[in-house]
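# Coordinates in review
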Amino acid sequence: MQKTKILYFITRLDQGGAQASVLTTIKNLNKQQFDAYLAAGRGGRLDGKIKNELKNLFFISALRHDVHPKWVFHDIMATIQMGLLMRRVRPDIVHTNAPKAGILGRVAARVFWRRAKVVHTFHGLGFAKEQGEKRFKAFVSVEKFCAKLTDVLVFVSRRNAAEAKKLGIGKGVRTELIRAGVNFRPVLPIHFDPAAKRASLRIPPKAKVVLAIANFKPLKNPLHFVLAAHKVLMQMKNVYFIFTGDGELKETTEKLIHNLGIEKQVILPGWRSDVLELLAISDVYASVSLREGLPMSLLEAMSMRVPVVCYDVDGIGEVVTNNKTGFLVRPSDISALAEKIKVLLRHTALRERFEAAIDKRDFSEFAIPAMIKKQEHLYRSLVPPTKKMFGRGRFFRHKKHFKHSKPGDNHGLRN
């Protein structure tokens, strides 16, 4: 049986949920049925590591992460490079991920390699009104156009799918719900020592720990984490806050921490490869993102039975049950966020009750096997194992081949 070739595009191999989801999929697909190829822009933190792990890895030299008029020439060149790679690999399916790679990759597929089926995954809608009304409308218009070039739109959360539908993105296009997947039976290193881990971060043995695994980008909202930490520390002294990652707002965040005089108890350790160990020493996990599709760090917190306090955005409410496995608060309500963190830190019995509820909940739909099973089912539905695509395809997909969403049909999502 001839294998189905899938060419994945992602903007950059940084340490994030979208990258983790794509890499996990590639590594776990049925090797007897699928050949996976991955292409990304250069400059990602994981470039070297992934280059050693994947044999079919390509770098698109012109692909830049930022969206800005000054990169227009590079965007055009990146589109051409992506198209030429498609002609070299000759994929049956092109699967794009992340906003920039998703836009350029879909255009390239329809210009250079029309015979491929085109899939795009929204790991969260990559635009928000907080970025400015004009920018928001521009992104929506571009996504509406690119949806017409797409055979299947994949969402990781129902709320993202509902919002896209409301905005008119993907009208008449087949949509699927495929959750991001993590390992819900994590194993800590054999020689893991919680006391040593705390000591390495200069955290006292009996101090409480609040953790956020994110980056210093505007939509990840690190400043709210610091402001909430300050409110907590005004009343509770033996608490330490950790915000991982790096990014454009790190210097601003450091200045805010300094101005508030909480440098010793708000720790910014940069990118970390010991996420499970950090979760193991944490009492509360916090998420202050203004936009999230389905954050894998939150799923990892659930896998480690850590109660959470989160802004109730996008797919977070589909993971966290309010007042049962954690607390959900209104986005940007820093005072409410701080109050809920204090409640969890002060009441051991409540944390234990939340931990027990997390342990009892069925998270199978968010596990790696479920994600892989649905991805494979999607690919087989587009390119059956016994049938290959030949001839030139259309620039815009043919609507009659796709089901339209109907009222009450769960936004066209297939479980």
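Note: the structure precedes this text.
What this report covers is the structure whose coordinates are included nearby. (Residues numbered from 1 in each chain as written. Predicted model: local features only at pLDDT ≥ 70, side-chain atom pairs only at ≥ 80, totals over all residues. Heavy atoms only, no water.)

Each helix and strand counted, the protein has 14 helices and 13 strands in total. Each principal axis of the C-alpha distribution contributes one length, and for the protein these read about 70 × 45 × 45 Å. The long-range share in the protein, meaning contacts at least 24 apart out of those at least 6 apart in sequence, stands at 73%. Carbon and sulfur atoms provide 52% of the accessible area of the protein, an area that totals close to 19200 Å². Charge centroids of the protein, computed over 72 positive and 36 negative side chains, lie 7 Å from each other. (Helix = DSSP H or I, 4+ residues; strand = E, 2+ residues; numbered from the N terminus. Contact = heavy atoms within 4.5 Å. Areas by Shrake-Rupley, 256 points an atom, 1.4 Å probe, with all protein chains shown as cover. Lys, Arg positive; Asp, Glu negative; His and termini not counted. Charge placed at Lys NZ, Arg CZ, Asp CG, Glu CD.)

Another point: a nonpolar patch on the surface. Residues Val 72, Phe 73, Ile 76, Met 77, Ile 80 and Leu 84 make up a contiguous nonpolar surface patch of about 540 Å² in total accessible area. Looking at the secondary structure, you find Phe 73 in helix H3 (residues 72-89). Residue class for Phe 73 comes out exposed when judged on its relative accessible area of 58%. (Patch = residues over 30% accessible without salt bridge, like charges linked within 9 Å, V, L, I, M, F, W, Y side chains within 5 Å. Salt bridge = Lys/Arg side-chain N within 4 Å of Asp/Glu carboxyl O. Buried < 20%, exposed > 50% of the residue type's maximum accessible area, 1.4 Å probe, protein only.)

Before going further, it helps to spend a moment on the packing of aromatic side chains. Going through the model one piece at a time under the given rule, you end up with ten aromatic pairs. Aromatic side chains Phe 34 and Tyr 379 sit 5.9 Å apart centroid to centroid with 65° between the ring planes, which places their arrangement in the edge-to-face category. Taken together, the residues Phe 34 in strand E2 (residues 34-41) and Tyr 379 in helix H14 (residues 368-382) connect sequence positions 345 residues apart. Ring plane angle 15° and centroid distance 5.1 Å describe the contact between Phe 122 and Phe 155, whose orientation is recorded as stacked. Linking Phe 122 in strand E5 (residues 117-122) with Phe 155 in strand E6 (residues 152-155), this pair joins segments that are 33 residues apart in sequence. In this structure, Phe 122 and Phe 155 share a single accessibility class: buried. Through a chain of ring-to-ring contacts, three or more aromatic side chains come together here, namely Phe 216, Phe 225, Phe 241 and Phe 243. (Phe/Tyr/Trp six-rings, centres within 6.5 Å; stacked < 30°, edge-to-face > 60°.)

Membership of the largest hydrophobic core comes to 71 residues, with the highest contact counts inside it found for Val 210, Phe 241, Leu 279, Tyr 285 and Val 319. For Tyr 285, the contacting residues outside a window of four places in its chain are Leu 211, Ala 212, Ile 213, Leu 279, Ser 297, Leu 298, Ala 301, Val 306, Pro 307, Val 308 and Val 309. In terms of nonpolar packing, the next biggest core, distinct from the first, is built from 31 residues, Leu 13, Ile 93, Val 119 and Leu 382 among them. (Core = buried A, V, L, I, M, F, W, Y, C linked by side-chain atoms within 4.5 Å.)

Taken as a whole and assessed by the stated rule, the structure comprises 22 salt bridges. Across the salt bridge formed by Asp 14 and Arg 12, the nearest N and O atoms sit 2.8 Å from each other. By relative accessible area, which is 15% here, Asp 14 ends up buried. Among the residues examined, Arg 12 registers a relative accessible area of 23% and is labelled partly exposed. Here Arg 110 makes a salt bridge to Asp 151, at a shortest N to O gap of 2.9 Å. Residue Arg 110 is located in helix H4 (residues 99-112), and its partner Asp 151 is located in the loop between helix H5 (133-147) and E6; the two are separated by 41 residues in the primary sequence. Residue classification places Arg 110 among the buried residues on the basis of a relative accessible area of 2%. When salt bridges with common partners are traced through the structure, they connect Lys 197, Arg 272, Asp 274 and Glu 277 into a single cluster.

In space, the seven strands of this open sheet follow the order E3-E2-E1-E4-E5-E6-E7, with parallel pairing throughout. Edge positions in the sheet fall to strand E3 (57-60) and strand E7 (174-177), since each has one partner strand and no second. Across the sheet, the axes of successive neighbouring strands diverge by a mean angle of 20°, strand direction being ignored. Those strands touched by H3 are strand E1 (4-12), E2, E3 and strand E4 (93-97), and its axis lies near 155° from that of E3. (Pairing = 2+ DSSP bridges. Axes fitted to C-alpha atoms, helices over the stretch in contact; angles between N-to-C directions.)

Let us now look at the side chain of His 120. Inspection of the secondary structure puts His 120 in strand E5. Among the residues examined, His 120 registers a relative accessible area of 2% and is labelled buried. Once residues lying within four places of it in the same chain are set aside, the contact partners of His 120 are Thr 96, Asn 97, Ala 98, Gly 102, Arg 106, Thr 150, Val 152, Leu 153 and Val 154.

With that settled, consider the sheet that holds strand E9 (residues 239-243). The strand order across the open sheet formed by six strands is E10-E9-E8-E11-E12-E13, and the pairing between neighbours is parallel. What marks the edges here is a single partner per strand, and that holds for strand E10 (266-267) and strand E13 (326-329). For E9 and E10, the ladder comprises two bridges, and the chain directions are parallel. Bridge pairing in E10 links Ile 242 to Ile 267. Contacts from helix H8 (residues 222-233) reach strand E8 (208-212), E9, E10, strand E11 (284-287) and strand E12 (308-311), with the element oriented near 180° to E9.

For helix H6 (residues 158-167), the set of buried residues is Asn 160, Ala 161 and Ala 164. Down the axis, H6 shows its buried residues gathered within 100° of arc, on one side only. Next to the buried residues of H6 lie E6. Of the residues one or two after H6, Gly 168 is the one with positive phi, at around 85°. (Arc of directions from axis to C-beta.)

Attention shifts here to the pairing of E11. Alternating positions in E11 separate into two faces, Val 284 and Ala 286 on one and Tyr 285 and Ser 287 on the other, with burial throughout. Sheet topology note: the E11/E12 ladder contains three bridges and is parallel. Looking at E12, one finds that Ser 287 is bridged to Cys 310. The parallel pair E11 and E12 is bridged by helix H11 (residues 296-303), and the resulting crossover is right-handed. (Right-handed = clockwise from strand over helix to strand, strands pointing away.)

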